[in-house]
Every structure is written in C-alpha cells, then in structure tokens.
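Working through the structure, step by step
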Amino acid sequence: QVQLVESGGGLVQAGGSLRLSCVASRITFSRYTVTWFRQAPGKEREFVAAFSWSGDSTYYEDSVKGRFTISRDNAKSTAYLQMNSLKPEDTAEYFCAVAYITMSYSPASYYYWGQGTQVTVSS
C-alpha cells in the first residue's frame, strides 16, 4: 500500500543544480524519517542525507555537506533533495526511503523504498 515515487533526476553539467522530489502515499509522512541514498553502478548503496522525525534533525554525508539540502513538506507528503554544485562523482541513481526510526545510515533499516531516479553529472 505504501508508495514512494522519486522524480527530478536528469543530465546536468558539473556545477549545476537539480532538485529531487519524493512523494509518499498511504503513510502519515510526518511520523517517518526520510532518507536519500544513492547507488552508482558496481557500488554499494550509499547514504546521502536524512531528515529525522525526531526534532526535525538533518544529517548529511560528508562529501555533500554545504552542497545538498534535504527538506520536507509534510502537508504534501513530499521530501526534497536540493543538489547544488554538482560534481561528476555525484552521478548515481538516487533513492528515497522511509522508516519509523530516529535515524539510520544503513539501507537495511528502511522498509519502504522508491524506484529511484537517475542523476548524471558531466564534466
């Protein structure tokens, strides 16, 4: 019943920006921590950013701090990942995931996942 749908990926030149969206349905969105992960071909799924339901705390992987911003609009059941100053190493498929937990960096902690949206950054 729970559904997460990502959008906003695409091809962008280095230094450019994209905003990813994740729309959730059939959950009380405000009660869940929402997290963005990414996965490049042949690599493990990697934590990117999280917005915890507990205290509205945000968390970022070190390489994206200062460049990416996670936000959420609970009234619209939507999470966003604003990505600025994109680098070729940001190229990956990006996924959103939710769970009723305070915070976790591990993909195994999340039980609802979107289908992914591809981000490709050219140099």
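Please read these numbers as outputs of a predicted model, since none were measured by experiment.

Quick look at a nonpolar patch on the surface now. Nonpolar side chains collect at one region of the surface, where W53, Y100 and Y111 lie side by side and expose about 330 Å² of accessible area between them. Note that Y100 resides in the loop between β9 (92–99) and β10 (112–113).

This model, assessed by the stated rule, comprises four salt bridges. When the shortest N-O distance is used, the salt bridge between D90 and R38 registers 3.0 Å. Of the two residues, D90 is situated in the loop between β8 (78–83) and β9 and R38 in strand β4 (residues 33–39); the sequence distance between them amounts to 52 residues. There is no split in this pair, since D90 and R38 are both buried. Here K65 makes a salt bridge to D62, at a shortest N to O gap of 3.1 Å. Each member of the pair K65 and D62 is classed as exposed. Taken together, the shared-partner salt bridges in this structure form one network comprising R38, E46, R67 and D90.

Scanning all chains against the criterion turns up one disulfide. The disulfide partner of C22 is C96, and the gap between their sulfur atoms is 1.9 Å. Torsion about the S-S bond of the C22 and C96 cystine: about 60 degrees, corresponding to right-handed handedness. Residue C22 is found in strand β3 (residues 18–25), and its partner C96 is found in strand β9; the two are separated by 74 residues along the sequence.

Here is what the cut-offs are and how they apply
- Residues numbered from 1 in each chain as written.
- Predicted model: local features only at pLDDT ≥ 70, side-chain atom pairs only at ≥ 80, totals over all residues.
- Heavy atoms only, no water.
- Patch = residues over 30% accessible without salt bridge, like charges linked within 9 Å, V, L, I, M, F, W, Y side chains within 5 Å.
- Areas by Shrake-Rupley, 256 points an atom, 1.4 Å probe, with all protein chains shown as cover.
- Salt bridge = Lys/Arg side-chain N within 4 Å of Asp/Glu carboxyl O.
- Helix = DSSP H or I, 4+ residues; strand = E, 2+ residues; numbered from the N terminus.
- Buried < 20%, exposed > 50% of the residue type's maximum accessible area, 1.4 Å probe, protein only.
- Disulfide = S-S within 2.5 Å.

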